[in-house]
Amino acid sequence: DKMPTINFAAETTKNFVPNTRRGSEYSATIQNLTDQTITVTVTNQDVQGSAPTYDTPAAGALAITAGAIGAITAPYNGWLLTGGGAATGTVEITEAG
C-alpha cells in the first residue's frame, strides 16, 4: 500500500480525509517533511462539500516540527494541516489498517 502524501507548494493550509480505520480504532502517524512546523487539527463533521469546524485532537495540540513525526489516535473524520508559514515539501501519512 502506498502512503498518502500531502504536497505543500508554498501553501499554508491543506485538508486531508483519512480513509483507513480498524473497527473503532483510529491511528495515524504523520511525518512532516516540509520546511515549516505543521499543526494538525481534526473534525468529526463531513468534510466533503461542507464547512466543518476543526478543533484540537482529544489527546492535545499536535504541532509537528520540520522533519519530525506525530501521531493521532483520537476519533477524526478529517484533518486540517496548517503550516507556521508558507510550507514547501511533503507530509507522509501512515494509517492503521
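Up top is the structure.
Read on for a plain summary of the structure. Just so we're clear, the structure is a prediction, and the values are computed from it rather than from any experiment.

**Let's talk about the overall build of the chain**
Then comes step 1: Helix and strand counts for the chain come out as zero helices and six strands.
Then comes step 2: From first element to last, N terminus to C terminus, the chain shows the α and β order β-β-β-β-β-β.
Then comes step 3: Taken over the C-alpha trace, the chain has a radius of gyration of 12 Å; the compact-globule value for 97 residues is 13 Å, and the two agree within 12%.
Then comes step 4: Along the three orthogonal principal directions, the C-alpha set of the chain runs to about 35 × 30 × 25 Å.
Then comes step 5: Each of the 97 residues in the chain was classed as buried or not, and the buried ones make up 38%.
Then comes step 6: Of the roughly 5200 Å² of accessible surface on the chain, 49% is carried by carbon and sulfur atoms.
Then comes step 7: Within the chain, the 8 negative side-chain charges are centred at a point lying 6 Å from the centre of the 4 positive side-chain charges.

**What to know about the nonpolar core**
Grouped burial of nonpolar side chains is what soluble globular proteins tend to show.
Then comes step 1: Ranked by internal contacts, the top residues of the largest apolar core, which has 18 residues, are I30, V40, I72, W79, L81 and V91.
Then comes step 2: For this core, the elements supplying multiple residues, two or more each, are β1 (5–16), β2 (28–34), β3 (38–43), β4 (62–64) and β6 (78–95).
Then comes step 3: With five residues, β6 is the single largest residue contributor to this core.
Then comes step 4: Contact partners of V91, with chain neighbours within four places excluded, come to P4, T5, I6, F8, I30, Q31, N32, T34, I38 and L81.

**Things to note about the packing of aromatic side chains**
Then comes step 1: Under the counting rule described, the total for this entry stands at three aromatic pairs.
Then comes step 2: When the centroid spacing of 4.9 Å and the interplanar angle of 75 degrees are considered together, the rings of Y26 and Y76 count as edge-to-face. Of the two residues, Y26 is situated in the loop between β1 and β2 and Y76 in the loop between β5 (69–72) and β6; the sequence distance between them amounts to 50 residues. Judged on exposure class, the residue Y26 and its partner Y76 are both buried.
Then comes step 3: For the ring pair Y76 and W79, a centre distance of 5.3 Å and an interplane angle of 80 degrees mean the geometry is edge-to-face. Each of the two residues, Y76 as well as W79, counts as buried.
Then comes step 4: Three or more aromatic residues link up through ring pairs in this structure, and these residues are F16, Y26, Y76 and W79.

Criteria and thresholds
Residues numbered from 1 in each chain as written. Predicted model: local features only at pLDDT ≥ 70, side-chain atom pairs only at ≥ 80, totals over all residues. Heavy atoms only, no water. Helix = DSSP H or I, 4+ residues; strand = E, 2+ residues; numbered from the N terminus. Rg over C-alpha atoms; globule rule 2.2 N^0.38 Å. Buried < 20%, exposed > 50% of the residue type's maximum accessible area, 1.4 Å probe, protein only. Areas by Shrake-Rupley, 256 points an atom, 1.4 Å probe, with all protein chains shown as cover. Lys, Arg positive; Asp, Glu negative; His and termini not counted. Charge placed at Lys NZ, Arg CZ, Asp CG, Glu CD. Core = buried A, V, L, I, M, F, W, Y, C linked by side-chain atoms within 4.5 Å. Contact = heavy atoms within 4.5 Å. Phe/Tyr/Trp six-rings, centres within 6.5 Å; stacked < 30°, edge-to-face > 60°.

These figures come from the coordinates and say nothing about function on their own.
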